[in-house]
Amino acid sequence: MKRHIKLRTYPTPRDFCPHCGHEMDAASSFHRAEDGPGGPPQPGHLSVCIECMAFLRWHVDAPGRPMMLVPLPSFEGLPLDAVNRLLELRAALKLAKAYGPPTRQGAGKKEVKH
Ligand SMILES: [Zn+2]
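Residues numbered from 1 in each chain as written. Predicted model: local features only at pLDDT ≥ 70, side-chain atom pairs only at ≥ 80, totals over all residues. Heavy atoms only, no water.

A.B. asks: Give a description of the overall build of the protein that names residues and reports values.
C.D. replies: Secondary structure summary: the protein contains one helix and five strands in total. In the protein, the succession of helices and strands from N to C terminus is β-β-β-β-β-α. The buried share among the 114 residues of the protein stands at 24%. In the protein, of all internal contacts separated by at least 6 residues, the share reaching a separation of at least 24 is 47%. When the accessible surface of the protein is totalled, it reaches about 8,300 Å², and 57% of it is carbon and sulfur. (Helix = DSSP H or I, 4+ residues; strand = E, 2+ residues; numbered from the N terminus. Buried < 20%, exposed > 50% of the residue type's maximum accessible area, 1.4 Å probe, protein only. Contact = heavy atoms within 4.5 Å. Areas by Shrake-Rupley, 256 points an atom, 1.4 Å probe, with all protein chains shown as cover.)

Right under this line is the structure:
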């Protein structure tokens, strides 16, 4: 079954990955069409660092404070679907890093002109 994944990028408070220090000021949301329109990250949402692929969580220390990224120490207590999505996202990011983004001809394929 073909799955439709939407990708949208939203500005976020400037922050640094707690694992590798990579600076981030935006987050991309990968969600399925059946999940609704999606939106910017909210406290409690999960994320993956695009640089080191660490699993992260958006967190707010206190009301009125900006969101920040904190490490996600384990998958304990997370719904299986959320864990699966994190693993899929990290796998897709690793492939994109190794082989470049997918093309219209398909991921990993190169157009050959004769
Ligand atoms: Zn990182």
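Picking up where we left off.
A.B. asks: How would you summarise the coordination of the zinc ion if you had to cite specific residues and measurements?
C.D. replies: The reference angle at a metal is 109.5 degrees if four donors form a tetrahedron and 90 or 180 degrees if six donors form an octahedron. On the protein side, the zinc ion has Cys17 (SG), Cys20 (SG), Cys49 (SG) and Cys52 (SG) as donor atoms, found 2.3 Å from it. Sequence spacing of the donor residues for the zinc ion, all on one chain, is C-x2-C-x28-C-x2-C. Placement of Cys17 in the loop between β1 (5–16) and β2 (23–32) and of Cys49 in the loop between β3 (46–48) and β4 (55–59) is noted, with a sequence separation of 32 residues between them. Judged by relative accessible area, Cys17 falls into the buried class, the value being 4%. (Donors = N, O, S within 2.8 Å, 3.2 Å for Na, K, Ca; no water.)

A.B. asks: An account of the side chain of Thr12 is needed here, citing residue identities and associated values.
C.D. replies: Here Thr12 is to be found in strand β1. Judged by its relative accessible area of 11%, Thr12 falls in the buried class. Within the structure, Thr12 has its side chain in polar contact with the backbone nitrogen of Ala26 (distance 3.2 Å). Among all residues touching Thr12, those that are not within four sequence positions of it are Asp25, Ala26, Ala27, Pro41 and Trp58. (Polar contact = N/O pair within 3.5 Å; in protein donor to acceptor, adjacent residues only side chain to side chain.)

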